[in-house]
Amino acid sequence: MERRRHRLLSTLFIALEKHGYTAKVDERRRPAVEIARQPTTVIIKEKYRQVRRPLTEAEKKRGFNPKKPWKPEMQPTGLLQLSIEPRLHPTLRQSWINAADQPLEQQERQRNSLNETACAGFWSSSAPW
């Protein structure tokens with residue numbers, strides 16, 4: 001999963017740098033893109049789901065709630081989620097989740113054009129600082 005995450009980030013940053021944006025690492029050591037002098041964090045993480053696992057015999061011996069004979073556990077789903085979080089305005093935050101019929105790699109072209117349009121529209125309509 002980590003290899004695919006790095007491959008997606010690399011592809012995204014190369015495409016954005018071709019359009020004049022700057023790729024960097026923010027103060028929290030997360031990948032970011034600078035758009036009009038404003039850092040925008042790019043996060044790719046694996047989705048997890050909570051499942052109920054039956055208690056083992058050792059866990060039952062330590063004592064447990066009879067109404068809850070299971071233990072919650074987080075398991076990876078194998079799906080990646082891409083989030084773009086600009087600090088400028090919360091309405092510009094976007095997130096995409098990997099799907100069986102349309103993986104993130106295929107959604108990338110659509111994502112790049114949407115972000116360029118959203119950022120250009122915001123900067124053209126906002127008041128000067």
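Report follows, based on the coordinates. (Residues numbered from 1 in each chain as written. Predicted model: local features only at pLDDT ≥ 70, side-chain atom pairs only at ≥ 80, totals over all residues. Heavy atoms only, no water.)

Within the protein chain, the secondary structure is distributed over 3 helices and 5 strands. Element order for the protein chain, N to C, with α for helix and β for strand: α-β-β-β-α-β-β-α. Counting all 129 residues of the protein chain, 27% fall into the buried class. Partitioning the contacts of the protein chain with sequence separation of at least 6, the portion at a separation of at least 24 is 50%. (Helix = DSSP H or I, 4+ residues; strand = E, 2+ residues; numbered from the N terminus. Buried < 20%, exposed > 50% of the residue type's maximum accessible area, 1.4 Å probe, protein only. Contact = heavy atoms within 4.5 Å.)

Quick look at unusual backbone geometry now. With a phi close to 65°, arginine 29 is a non-glycine residue in the positive phi region. Mapped onto the fold, arginine 29 is located in the loop between β1 (22-25) and β2 (31-35). The class for arginine 29 is exposed, based on a relative accessible area of 73%.

Core analysis: the biggest nonpolar cluster contains 13 residues, and Leu9, Leu12, Phe13, Val33, Val42, Ile44 and Leu82 have the highest contact counts within it. Those elements giving two or more residues to this core turn out to be α1 (2-18), β2, β3 (38-54) and β4 (70-86). Tallying contributions element by element places α1 first for this core, with 5 residues. Setting aside chain neighbours within four positions, we find phenylalanine 13 in contact with Ala23, Pro31, Ala32, Val33 and Val42. (Core = buried A, V, L, I, M, F, W, Y, C linked by side-chain atoms within 4.5 Å.)

Within the secondary structure, leucine 55 is located in the loop between β3 and α2 (57-61). Sequence-distant contacts of leucine 55, defined by excluding residues within four places in its chain, comprise Lys60, Phe64, Lys68, Pro69, Trp70 and Lys71.

Just geometry here; none of it tells us what the structure is for.
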